[in-house]
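Structural characterization, general
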Amino acid sequence: MTLPAPAPIVNPENKPFWDGTAQGKLLLPKCQNCGSINWYPKVFCPECGKFGVDWIEAAGTGTVYTFAITRRGAGNYAQAGPYVLAYVELDEGPRIMTNIVDADLEKLAIGDKVTVVFHDTGEGNALPRFKPVS
Ligand SMILES: [Zn+2]
């Protein structure tokens, strides 16, 4: 079963991030003041409280920090189960909530290496999801 790819809510703060996904790029805001690389994408740094970020392109690789298998979803995901909801810790540091796709659910484990894939929403952007590195 293919996961649905509902379009995100795009606003001026996160638009650079979502525009990047249309080009297959995972962009992260890096604080111009303290250098912190943050998640969720916004122009305000939660670490030092200053405005102003540079958008850097992440490698798109990371590890499974934690995950849950949803056997039966709701709403857009009612027919999508079973699927994996996870936090992936990017190699750049931030942990992002996402889905793990193309995985053997019986073997998926915390600490597994994953790499980003983009699922087109059909509305000018794509959802970053992750698949195991085999
Ligand atoms: Zn900062």
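Below is a short write-up of the structure. Remember, predicted model here, so these are calculated numbers, not experimental data.

A closer look at the packing of aromatic side chains
Any two aromatic rings considered together are summarised by their centre-to-centre distance and by the angle between their planes. Scanning the model with the defined rule gives 5 aromatic pairs in all. With 5.2 Å between their ring centres and 80° between their planes, Phe17 and Trp39 make a pair best called edge-to-face. Residue Phe17 is found in helix α1 (residues 15-22), and its partner Trp39 is found in the loop between β1 (27-31) and β2 (53-57); the two are separated by 22 residues along the sequence. For Trp39, a relative accessible area of 24% gives the class partly exposed.

Describing the pairing of strand β3 (residues 61-70)
When β3 meets strand β6 (residues 113-120), the two strands line up antiparallel, connected through 3 bridges. Within β6, the position partnered with Thr61 by the bridge is Thr115.

A look at the coordination of the zinc ion
Each angle at a metal carrying four tetrahedral donors should ideally be 109.5 degrees, and each at a metal carrying six octahedral donors should ideally be 90 or 180 degrees. Every protein donor of the zinc ion is listed here as Cys31 (SG), Cys34 (SG), Cys45 (SG) and Cys48 (SG), and their distances to the metal cover 2.3 Å. The exposure class assigned to Cys45 is buried, which follows from its relative accessible area of 0%. Exposure remark for Cys48: the relative accessible area of 29% places this residue in the partly exposed category.

Topic: the pattern of salt bridges
With the rule as written, the count across this model stands at 2 salt bridges. Measuring nitrogen to oxygen at the nearest pair gives 2.8 Å for the salt bridge that ties Asp19 to Lys15. Taken as a pair, Asp19 and Lys15 lie in helix α1 at a separation of 4 residues, close to a single helical turn. One salt bridge in this structure joins Arg95 and Glu89, with 2.7 Å as the shortest N-O distance. We classify Arg95 as partly exposed; its relative accessible area is 41%.

With respect to the nonpolar core
In terms of nonpolar packing, the biggest core is built from 17 residues, with Leu26, Val88, Leu90, Ile100, Val114 and Phe130 touching the most fellow members. Mapped by element, the contributors of at least two residues to this core are α1, β4 (83-90), β5 (95-100), β6 and β7 (126-132). Of all the elements, β4 adds the most residues to this core, at 4 residues. Ignoring anything within four residues of it in the chain, the contact list for Ile100 reads Val64, Val84, Ala86, Val88, Leu108, Val114, Phe130 and Pro132. Of all hydrophobic cores here, the second largest spans 6 residues; its members include Ala80, Tyr83, Val101 and Val117.

Thresholds applied
Residues numbered from 1 in each chain as written. Predicted model: local features only at pLDDT ≥ 70, side-chain atom pairs only at ≥ 80, totals over all residues. Heavy atoms only, no water. Phe/Tyr/Trp six-rings, centres within 6.5 Å; stacked < 30°, edge-to-face > 60°. Helix = DSSP H or I, 4+ residues; strand = E, 2+ residues; numbered from the N terminus. Buried < 20%, exposed > 50% of the residue type's maximum accessible area, 1.4 Å probe, protein only. Pairing = 2+ DSSP bridges. Donors = N, O, S within 2.8 Å, 3.2 Å for Na, K, Ca; no water. Salt bridge = Lys/Arg side-chain N within 4 Å of Asp/Glu carboxyl O. Core = buried A, V, L, I, M, F, W, Y, C linked by side-chain atoms within 4.5 Å. Contact = heavy atoms within 4.5 Å.

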